[in-house]
Amino acid sequence: LKAELPAFTTLSKMSGANGFLGQEALRFYSIAGTLLDVPTFSLDEASTVDERYITHVLSRSLLENYFWIIYLFDDRTKTSSRYDDLTNSFKKDYVKLLNEPQLPRKSELEPADPSWSSLPHGLDVNSMLAQVTNDYGDRLNYLYFVYRITSFDTHGKSLGTIFEAVFGKKCNFPVLKLKYAFELIANQYLVVLNDLRGQGSI
C-alpha cells in the first residue's frame, strides 16, 4: 500500500467514489500505519486492555469506511447510485446533528438543506455487507464481528469494573486480530485501485 500512495493521492483529488477511495486509503494508511509502528502493540489476541483502548476505537472508523468502499466498488454499474447512498447517509446524520436542541454554536456550522429530512434512511453496515463479497468471493462475517466489537468498545464502557458489576465476575472481552484485519483492508484497496487502472480511471 505504501508504494501506491502516489496513486491514491491522485485519486484523492477526484470527486465522487474515486475521490472517496483515495482519501480513505490515505487516512487508513495514516491510522493503521501508526498503530502498526507502535512497538508495544501486538494488534492480535495478545493485546493488553490498555492497547485495546486505543486500537479498537481507531479501528472502528477504518472498518466502517472499508465496508463502504467494498459496497461502492463491488458492482461498477452501481457505484454512482451507491455513492449517492453514502452522501445521503451523511446528510441524514448531519440533519440529526443540527436538530439536537442543546447543540451550541449551530450558526458556525454549514446549514442543512430542508429537503434532507425527507431522504430515506441509509443502509446500515450489516445490510451493505449482505450485498457484497471481498475479492476472494468471501462474505465478511469476521470483519463484521470486528466492527461490532470495536463499536462497542468505542463507547468506553467496556471496563473491568462494569463487566464485574453486570456479570458478577471478571470477563475477557474479545481481543481482535486487528493486524489481520488491516491486511485484508489494504489488500482490498489495492485490488480496487488495480481495477480502476484497468478501466483507465487512473
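Just so it is clear, the model here is predicted, and its values are computed rather than measured.

Participant: Sorry if this is basic, but what is going on with the packing of aromatic side chains here?
Facilitator: Ring pairs (aromatic) are described by centroid distance and by the angle formed between their planes. Inspection of every chain in the model, using the stated rule, returns 10 aromatic pairs. With 5.7 Å between their ring centres and 75° between their planes, Phe67 and Tyr147 make a pair best called edge-to-face. Separated by 80 residues along the polypeptide, Phe67 in helix α3 (residues 49-73) and Tyr147 in helix α6 (residues 141-154) bring together distant segments of the chain. A single burial state applies to Phe67 and to Tyr147, both of which are buried. Between Tyr94 and Trp116, the aromatic rings sit 6.3 Å apart at their centres with planes inclined by 75°, giving edge-to-face as the arrangement. Highlighted residues: Tyr94 in helix α4 (residues 79-98) and Trp116 in the loop between α4 and α5 (125-129), separated in sequence by 22 residues. Each member of the pair, Tyr94 as well as Trp116, carries the same accessibility label: buried. Taken together, the ring pairs connect Phe28, Tyr66, Phe67, Tyr144, Tyr147, Phe182 and Tyr189 into an aromatic cluster.

Participant: It is not clear to me how helix α1 (residues 5-12) should be interpreted in this structure. Could you clarify?
Facilitator: At 3.6 residues per turn, the α-helix brings residues three or four places apart onto the same side. Taken together, the buried positions of α1 are Leu5, Ala7, Phe8, Leu11 and Ser12. The arc that holds the buried residues of α1, viewed along the axis, is 160°, so those residues lie on one side. In this fold, the buried residues of α1 make contact with α2 (16-37) and α8 (178-198).

Participant: What is the right way to read the packing of α2 against α4 from this model?
Facilitator: When two helices pack together, you describe them by how their axes are tilted relative to each other and by the distance separating the axes. It is at 9 Å that the axes of α2 and α4 come closest, and there the two elements cross at 65°. Residues Gly16, Ala17 and Phe20 of α2 form the contact with α4, whose own contacting residues are Thr79, Tyr83 and Leu86. Grouping the amino acids of the contact of α2 with α4 by side-chain chemistry returns 4 nonpolar, 2 polar and no charged.

Conventions and cut-offs
- Residues numbered from 1 in each chain as written.
- Predicted model: local features only at pLDDT ≥ 70, side-chain atom pairs only at ≥ 80, totals over all residues.
- Heavy atoms only, no water.
- Phe/Tyr/Trp six-rings, centres within 6.5 Å; stacked < 30°, edge-to-face > 60°.
- Helix = DSSP H or I, 4+ residues; strand = E, 2+ residues; numbered from the N terminus.
- Buried < 20%, exposed > 50% of the residue type's maximum accessible area, 1.4 Å probe, protein only.
- Arc of directions from axis to C-beta.
- Contact = heavy atoms within 4.5 Å.
- Axes fitted to C-alpha atoms, helices over the stretch in contact; angles between N-to-C directions.
- Nonpolar A, V, L, I, M, F, W, Y, C, P; charged D, E, K, R; others polar.

Don't take any of this as a statement about function, it's just geometry.
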